[in-house]
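Now for the letters of each chain:
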Amino acid sequence: MTVTRIIDALEESPAAGAQACAAGRLGFLEWVFDAPGPVTAQMAREALAEPAAQAPKSAAARAFVGFLEEACASIGARPARRRRGQLVH
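The present account deals with the structure reproduced in this document.

Definitions and cut-offs
Residues numbered from 1 in each chain as written. Predicted model: local features only at pLDDT ≥ 70, side-chain atom pairs only at ≥ 80, totals over all residues. Heavy atoms only, no water. Axes fitted to C-alpha atoms, helices over the stretch in contact; angles between N-to-C directions. Helix = DSSP H or I, 4+ residues; strand = E, 2+ residues; numbered from the N terminus. Parallel < 35°, antiparallel > 145°, perpendicular 65-115°, else oblique. Left-handed = near helix turned anticlockwise from the far one by under 90°. Contact = heavy atoms within 4.5 Å. Nonpolar A, V, L, I, M, F, W, Y, C, P; charged D, E, K, R; others polar. Polar contact = N/O pair within 3.5 Å; in protein donor to acceptor, adjacent residues only side chain to side chain. Expected span 1.5 Å × (residues − 1). Buried < 20%, exposed > 50% of the residue type's maximum accessible area, 1.4 Å probe, protein only. Patch = residues over 30% accessible without salt bridge, like charges linked within 9 Å, V, L, I, M, F, W, Y side chains within 5 Å. Areas by Shrake-Rupley, 256 points an atom, 1.4 Å probe, with all protein chains shown as cover. Salt bridge = Lys/Arg side-chain N within 4 Å of Asp/Glu carboxyl O. Phe/Tyr/Trp six-rings, centres within 6.5 Å; stacked < 30°, edge-to-face > 60°.

Packed helices, taken two at a time, are described by the angle between their axes plus the distance between the axes. Running from N to C, helix 2 (residues 17–34) and helix 4 (residues 59–74) point in directions that differ by 50°, and their axes come no closer than 7 Å. As far as their axial angle goes, helix 4 and helix 2 are oblique. Seen along the crossing, helix 2 lies across helix 4 with a hand that is right-handed. Facing helix 2, whose interface residues are Ala20, Cys21, Ala23, Gly24, Arg25, Gly27, Phe28 and Trp31, helix 4 presents Ala59, Ala60, Ala63, Phe64, Phe67, Leu68 and Ala71. The class makeup of the residues in the contact of helix 2 with helix 4 is 12 nonpolar, two polar and one charged.

This is the structure in structure tokens:
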């Protein structure tokens, strides 16, 4: 599902507070799981560049955009290291 379609659906949500945050998180997870392969910070930046992400109105859509912004900062911020066959973060 595209960012625009997710935001359009979230703009219809009357949710506020924790419910809006949960709806935004679900939209973000839908975006992640719909991605064709691993999600990168560049993909999140491209999603934020979409016109629909520029001025979200509902609390749920703003939460979704916030998750995209966090993804830009956190995905790939610190490379994982391998030690003795285990992935260490």
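So that's the structure; there's more coming.
Along the polypeptide, Ser13 turns up in the loop between helix 1 (3–11) and helix 2. Once the C-alpha coordinates of Ser13 and Gly24 are considered, the two residues, 11 residues apart in sequence, prove to be 9.9 Å apart. At 3.1 Å, the side chain of Ser13 and the backbone nitrogen of Ala15 are in polar contact.

Attention now goes to helix 4. Along its 16 residues, helix 4 runs 22 Å from first to last C-alpha, staying within 8% of the 22 Å computed at 1.5 Å per residue. Restricting attention to buried positions, one finds in helix 4 the residues Ala60, Ala61, Ala63, Phe64, Val65, Gly66, Phe67, Leu68, Ala71 and Cys72. The inward-facing, buried residues of helix 4 abut helix 1, helix 2 and helix 3 (41–48).

The next subject is a nonpolar patch on the surface. On the surface, a cluster of nonpolar side chains totalling about 350 Å² of accessible area is made up of Leu26, Leu29 and Phe33. Structurally, the position occupied by Leu26 is in helix 2.

The next subject is the packing of aromatic side chains. The full count for this structure, using the stated rule, is two aromatic pairs. With a centroid separation of 5.7 Å and an interplanar angle of 35°, the aromatic rings of Phe28 and Trp31 are classed as tilted. Here Phe28 pairs with Trp31, and both are found in helix 2, just three residues apart, close to one helical turn. Since its relative accessible area comes to 9%, Trp31 is described here as buried. Chaining the aromatic ring pairs together yields one cluster made of Phe28, Trp31 and Phe67.

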